[in-house]
Amino acid sequence: MKTLLDKLYIENDLSERELALLLQNMDSESEKQLFEYSSMLKTKHYGKSVYMRGLIEFTNFCKQDCLYCGIRRSNSNAERYRLSKEEILRCCEEGHVLGYRTFVLQGGEDSHYDDSKIIDLIKLIKSNFPDSAVTLSIGEKSFESYKSYYDAGADRYLLRHETASKRLYEQLHPGMSFENRINCLKNLKKIGFQTGAGFMVGLPGQTNEDLAKDLVFLKEVKPEMVGIGPYIPHPNTPIGKNSGGSLEKTLIMLALARLLLPDVLLPSTTALGTIDPLGREKALNAGANVVMPNLSPTNMRKKYELYADKICTGDEAAHCRKCIEGRINRAGFEVDMSRGDHPSKQA
Ligand code: SAM
Ligand code: FES
């Protein structure tokens, strides 16, 4: 395995077959080598800096019915909420005082928030905080909608591909199409967004071959950001009794993503902190360089329950900011509160 890892480190590329072989035969020695290489590449591109993004979960209404997701439309137990634009602006104000210069607006696919409301919101945030980046994560839209968000001033867009296996994608996303998801990502790139793809690890039925496909997909699309987190079962979903993804496998996938796309922006996800108390720190050591603490109002946090036992749902924004900073420092890294654009998009 050492030869494959060396090749990956030097060439930042491997075939799907080689990646599957690597995943199949990963032992503790190869893992150690993998994390060493991924850390070296992260340090080369970003030093000790970890970028901070303020996450605002502004609506949990969703018209989609993804089988794994706690806020899917068929979960009648989910208590629905949406923040008004004034409430969203207050979250940004609080975040800005705490030093955040990126606001991530995430939500279900909520038709109340139509294009004109989203455009209004982007313009409002950009005019109040001209030094800050706006990232959207609101699902699948037409080319024209994405373009109108970009023209209104949005900088980045997160749309995980969830899984690059068409078979698995279609099993997990009733009424949605794999081709459309891919097309959305291509449109976002074409328009000029710093684009985030990504996937879950440990989905029911997911194989090492499927995960190798995810990595090859990343290499093809070349997103500026990649979100990788463990799948965590939610009890009120059709697949809620399945087991979830492991910390170890997720760390391996993060490290491999860093080796394939050396300067990618790679978050250490809240989902990892949920399955292991030190999951986020371990991700930073495996090659991640971004964290996304929550700025949503505390009384709403529990309602944005994508999976069971999500952490930080009771904590004030200021507390999260401090807590994360302590964790980052103890792991040997430093908080960077700048906008943290991808190197290819820096002014
Ligand atoms: N609706 C938007 C979209 O489709 O991109 C953004 C919101 S969606 C809730 C954000 C991400 O949550 C998804 O891309 C998915 O990967 C993740 N997610 C949903 N349910 C999850 C679960 N049970 N475990 C881990 N991650 C989950
Ligand atoms: Fe829409 Fe999860 S099913 S956000």
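Predicted model, so just to flag it, every value in this text is computed and none were measured.

A. Looking closely at the pairing of strand β2 (residues 54-59). Among the six residues that make up β2, six are buried, leaving the element largely enclosed by the rest of the structure. Across five bridges, β2 lies against strand β3 (residues 102-107) in parallel orientation. For G54, the partnering residue across the bridge sits in β3 and is F103. The parallel pair β2 and β3 is bridged by helix α4 (residues 85-97), and the resulting crossover is right-handed.

B. Focus on the sheet that holds strand β1 (residues 49-52). Read from one edge of the open sheet, three strands run β8-β1-β9, paired in parallel fashion. Each edge of the open sheet is held by one strand with a lone partner, namely β8 (290-291) and β9 (334-336). Of the strand pairs in this sheet, β1 and β9 are connected by three bridges, and their pairing is parallel. In the strand pairing of β9, S49 is matched with E334. Where helix α14 (residues 317-330) meets the sheet, it contacts β1, β8 and β9, and its direction lies at approximately 130° from that of β9.

C. Structural detail: the site of ligand 1. Taken together, the neighbourhood of ligand 1 is formed by 18 residues, with Y68, G107, R160, E162 and I232 sitting nearest. Within the backbone of G107, one N or O atom sits 3.0 Å away from a nitrogen atom of ligand 1. The side chain of R160 places a nitrogen or oxygen atom 2.9 Å from an oxygen atom of ligand 1. Against a free-state accessible area of 560 Å², the protein chains account for coverage of 91% of ligand 1. Along the lines of polarity and charge, the residues of the shell around ligand 1 split into ten nonpolar, five polar and three charged.

D. Summary view of the UniProt feature "binding site: [4Fe-4S] cluster" (unreviewed entry) in the chain. In this structure's numbering, the residues bearing the UniProt feature "binding site: [4Fe-4S] cluster" (unreviewed entry) are C62, C66 and C69. Relative to the assigned elements, C66 resides in the loop between β2 and α4. Classification of C66 by relative accessible area gives buried; the value is 13%. Once residues lying within four places of it in the same chain are set aside, the contact partners of C66 are R72, L172, H173 and M176. Checked against the element boundaries, C69 lands in the loop between β2 and α4. Under the relative-accessibility criterion, C69 is labelled buried at 16%. Look past the residues within four positions of C69 in its chain and what remains in contact with it is T237 and L306.

E. Structural detail: unusual backbone geometry. Positioned with a positive phi, K222 is a non-glycine residue whose angle comes to about 50°. Of note, K222 is situated in the loop between α9 (208-221) and β7 (225-230). For K222, a relative accessible area of 47% gives the class partly exposed. In this structure, D309 takes a positive phi of about 60° despite not being glycine.

F. Just the environment of N208, in detail. Following the sequence through the fold, N208 ends up in helix α9. A C-alpha to C-alpha distance of 8.6 Å links N208 and L19, two positions 189 residues apart in sequence. Non-local contacts of N208, meaning those with residues more than four positions away in its chain, are made with A20, L23, Q24 and K249. There is a polar contact of 3.1 Å between the side chain of N208 and the side chain of Q24.

G. Main features of the UniProt feature "binding site: (3R)-3-methyl-D-ornithine" (unreviewed entry) in the chain. Mapped onto this numbering, the UniProt entry gives "binding site: (3R)-3-methyl-D-ornithine" (unreviewed entry) at S137. Along the chain, S137 turns up in strand β4 (residues 133-137). Setting aside its immediate chain neighbours within four residues, S137 contacts L105, Q106, G107 and L158.

Cut-offs and rules
Residues numbered from 1 in each chain as written. Chains lettered and ligands numbered in written order. Predicted model: local features only at pLDDT ≥ 70, side-chain atom pairs only at ≥ 80, totals over all residues. Heavy atoms only, no water. Buried < 20%, exposed > 50% of the residue type's maximum accessible area, 1.4 Å probe, protein only. Helix = DSSP H or I, 4+ residues; strand = E, 2+ residues; numbered from the N terminus. Pairing = 2+ DSSP bridges. Right-handed = clockwise from strand over helix to strand, strands pointing away. Contact = heavy atoms within 4.5 Å. Axes fitted to C-alpha atoms, helices over the stretch in contact; angles between N-to-C directions. Near = heavy atom within 4 Å. Polar contact = N/O pair within 3.5 Å; in protein donor to acceptor, adjacent residues only side chain to side chain. Areas by Shrake-Rupley, 256 points an atom, 1.4 Å probe, with all protein chains shown as cover. Nonpolar A, V, L, I, M, F, W, Y, C, P; charged D, E, K, R; others polar. UniProt positions renumbered as here; feature names shortened; annotations may be inferred.

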